[in-house]
Amino acid sequence: MFQDQLVSYSGVQPSGNLTIGNYLGAIRNFSTYSEKYKCFYCVVDEHAITVRQNPAELRRRTYETLALYMACGLDPDKNTLYVQSHVHEHAELAWILNCYTMFGELSRMTQFKDKSSKHSDNINAGLFTYPTLMAADILLYQTDVVPVGIDQKQHVELCRDIAERFNQLYPCTFTVPEPIIAKSGMKIMSLADPTKKMSKSDENVNAVVYILDDRDTIIRKFKRAVTDSETCVRFAEGKDGINNLISIYSCFTGKSFDEIEKEFAGKGYGDFKLAVGEVCADALSPVQEKFRELLSDKAALEAQMRKGAEEASYYARRTLGKVQKKLGFVKL
Ligand code: ATP
Ligand code: LTN
């Protein structure tokens with residue numbers, strides 16, 4: 001909390017084209033906090049380099065991610081939208097928090113285990129200490145709530161542990177944040193392997209629906225989604241593919257699982273897949289249109305980045321100054 005205002009904070013890596021998992025699990029929910037909270041939403045480019053990135057693509061995706069935040073309804077006058085590397089306090093606080101985070105804690109992070117097995121040729125120290133940089137992001141802004149998909153819950157919990165440990169040694173330094181995980185859309189699964197999370201860095205483009213995919217591509221990808229050998233549309237254990245499609249349909253239409261089962265009673269998987277594709281394409285179409293308009297004006301996006309960085313720096317500077325003082329760093 002900053003000056004009696006509750007704070008919401010989240011981030012997305014510009015590490016690939018954003019997916020409907022990013023949209024339904026995270027970005028779509030961000031704007032619901034704008035009225036009640038002071039909101040900070042960051043494009044976390046420093047996190048993205050824990051995996052090798054092509055510089056030109058990273059730069060392009062940083063602009064695109066900011067434009068998508070805005071296209072998904074985040075008003076830059078009501079939310080602080082900015083790029084992580086523009087606020088140097090993130091990296092500085094991350095170093096300090098590294099000294100208050102245990103090797104064993106970081107070793108238990110499932111994202112580290114997943115990513116180090118996926119990138120076995122590049123298990124760098126940044127990949128290992130990724131969660132302390134994320135904790136720095138969150139704690140710099142005295143954050144109360146962190147809206148994320150369920151895959152990030154473990155990182156937010158570690159952030160809480162770090163904050164509590166720090167507060168015990170140096171009282172009242174940080175607000176201890178809570179993860180907020182939306183009931184629907186918390187984990188959208190891959191269309192090719194519905195036991196795996198849909199992820200923007202998946203090499204199989206057919207496994208993933210991107211926010212910017214055109215209508216025909218979206219419909220084709222849903223048509224090809226892996227399901228099972230039954231024909232009846234119902235949510236049940238072991239039917240991961242259909243369960244995932246029901247969840248997606250529910251997220252886009254607001255209908256309950258029961259209502260969906262009734263709507264498709266007597267119809268086959270083909271009809272259902274087409275309907276999922278159509279509601280998804282309909283929902284994304286206005287986002288895509290706004291995105292194109294925003295991306296065509298790079299100077300305006302840069303002005304937006306500058307404004308966001310200035311706003312964020314003001315808060316980040318205050319918290320970092322407080323931390324440095326508590327630690328005993330000499331202030332000149
Ligand atoms: P990468 O493939 O590079 O690891 P990612 O697709 O997992 O990326 P992130 O940038 O790590 O995306 O995540 C941004 C936000 O989107 C986070 O809050 C994360 O929890 C959420 N998110 C990512 N994938 C999904 C998904 N499949 N379902 C629901 N939420 C998701
Ligand atoms: N680790 C997150 C992205 C992220 C984030 C954050 C989310 C970086 N910093 C702070 C919430 C709060 C991810 O991979 N999705």
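### A few points about the overall build of the protein
- For the protein, the count of helices and strands is 13 helices and five strands.
- Against the compact-globule benchmark of 20 Å for 332 residues, the protein has a radius of gyration of 21 Å, which places it among compact chains.
- Seen along its three principal axes, the alpha-carbon backbone of the protein occupies a region of about 75 × 45 × 40 Å.
- The burial tally for the protein puts 54% of its 332 residues in the buried class.
- Counting contacts in the protein only where the partners sit at least 6 residues apart, residues at least 24 apart contribute 77% of the total.
- Here the protein has roughly 15400 Å² of accessible surface; of this, 51% comes from carbon and sulfur atoms.
- One way to put it: in the protein the 42 positive side-chain charges average out to a point 2 Å from where the 43 negative ones average out.

### With respect to the site of ligand 1
- Among the 22 residues in the neighbourhood of ligand 1, the closest are listed as Lys 115, Asp 151, Lys 197, Ser 199 and Ser 201.
- At 2.6 Å from an oxygen atom of ligand 1 is found a side-chain nitrogen or oxygen belonging to Asp 151.
- Between ligand 1 and Ile 188, the relevant distance is 2.7 Å, taken from a nitrogen atom to a main-chain nitrogen or oxygen of the residue.
- About the coverage of ligand 1: the protein hides 97% of its 600 Å² of free accessible area.
- When residues of the shell around ligand 1 are traced back to their parent elements, those giving at least two are β1 (7-12) and α1 (20-30).

### Remarks on helix α3 (residues 55-71)
- The end-to-end C-alpha distance of α3, which contains 17 residues, comes to 24 Å, matching closely the 24 Å that a straight helix rising 1.5 Å per residue would cover.
- For α3, the tally of buried residues reaches twelve of 17 residues, placing the bulk of the element in the interior.
- All of the buried residues in α3 are Leu 58, Arg 61, Thr 62, Tyr 63, Glu 64, Thr 65, Leu 66, Ala 67, Leu 68, Tyr 69, Met 70 and Ala 71.
- Put simply, Asn 54 is the residue that caps the front of α3, since its side-chain oxygen is 2.9 Å from the backbone nitrogen of Ala 56.

### Considering the pairing of strand β2 (residues 38-43)
- Along β2, six of the six residues are buried, which leaves the element largely enclosed by surrounding structure.
- Side-chain alternation along β2 places Lys 38, Phe 40 and Cys 42 on one buried face and Cys 39, Tyr 41 and Val 43 on a second face that is also buried.
- As judged from the six bridges shared by β1 and β2, these two strands associate in the parallel manner. Considered in β2, the bridge of Val 7 is made with Lys 38.
- The parallel pair β1 and β2 is bridged by α1, and the resulting crossover is right-handed.
- One ladder, built from five bridges, connects β2 with strand β3 (residues 79-83); its direction is parallel. Counted as the bridge partner of Cys 39 is Asn 79 from β3.

### Points about the nonpolar core
- Of all hydrophobic cores here, the largest spans 59 residues; its most connected members are Ile 20, Tyr 69, Phe 222 and Phe 272.
- Those elements giving two or more residues to this core turn out to be α1, β2, α3, β3, α9 (215-223), α10 (240-253), α12 (269-295) and α13 (298-327).
- If one sorts the elements of this core by residue count, α12 sits on top with eleven residues.
- Beyond its immediate stretch of four places on either side in the chain, Phe 222 contacts Ile 20, Leu 191, Val 209, Leu 245, Ile 248, Lys 273, Val 276, Gly 277 and Cys 280.
- Grouped together as the second largest cluster of nonpolar side chains are 44 residues, Tyr 100, Leu 106, Val 146 and Ala 309 included.

### What to know about the site of ligand 2
- Neighbouring residues of ligand 2: 13 residues in total, closest Gln 13, Tyr 130, Met 134, Asp 137 and Gln 152.
- In this structure, an oxygen atom belonging to ligand 2 sits 3.2 Å away from a side-chain N or O atom of Gln 13.
- In the model, a nitrogen atom of ligand 2 is placed 2.9 Å from a nitrogen or oxygen of the Gln 152 side chain.
- In isolation ligand 2 has 370 Å² of accessible area, and contact with the protein removes 92% of it.
- Sorting the residues of the shell around ligand 2 by element identifies β1 and α7 (125-140) as the ones contributing at least two each.

### Details of unusual backbone geometry
- The phi dihedral of Gln 142 is positive, around 50°, even though this residue is not glycine.
- Mapped onto the secondary structure, Gln 142 falls in the loop between α7 and β4 (145-147).
- For Gln 142, a relative accessible area of 5% corresponds to the buried category.
- Unlike most non-glycine residues, Cys 172 shows phi in positive territory, near 55°.
- Here Cys 172 is to be found in the loop between α8 (153-169) and β5 (178-180).

### As for the packing of α3 against α13
- As a packed pair, α3 and α13 sit with axes 11 Å apart at the nearest point and diverge in direction by 80°. Considering the angle they form, α3 stands roughly perpendicular to α13. Between α3 and α13, the contacting residues are Thr 62, Tyr 63, Leu 66, Ala 67 and Met 70 on the first element and Lys 298, Leu 301, Glu 302, Gln 304 and Met 305 on the second.
- A per-class count over the contact of α3 with α13 returns six nonpolar, two polar and two charged.

Basis of the calculations
Residues numbered from 1 in each chain as written. Chains lettered and ligands numbered in written order. Predicted model: local features only at pLDDT ≥ 70, side-chain atom pairs only at ≥ 80, totals over all residues. Heavy atoms only, no water. Helix = DSSP H or I, 4+ residues; strand = E, 2+ residues; numbered from the N terminus. Rg over C-alpha atoms; globule rule 2.2 N^0.38 Å. Buried < 20%, exposed > 50% of the residue type's maximum accessible area, 1.4 Å probe, protein only. Contact = heavy atoms within 4.5 Å. Areas by Shrake-Rupley, 256 points an atom, 1.4 Å probe, with all protein chains shown as cover. Lys, Arg positive; Asp, Glu negative; His and termini not counted. Charge placed at Lys NZ, Arg CZ, Asp CG, Glu CD. Near = heavy atom within 4 Å. Polar contact = N/O pair within 3.5 Å; in protein donor to acceptor, adjacent residues only side chain to side chain. Expected span 1.5 Å × (residues − 1). Pairing = 2+ DSSP bridges. Right-handed = clockwise from strand over helix to strand, strands pointing away. Core = buried A, V, L, I, M, F, W, Y, C linked by side-chain atoms within 4.5 Å. Axes fitted to C-alpha atoms, helices over the stretch in contact; angles between N-to-C directions. Parallel < 35°, antiparallel > 145°, perpendicular 65-115°, else oblique. Nonpolar A, V, L, I, M, F, W, Y, C, P; charged D, E, K, R; others polar.

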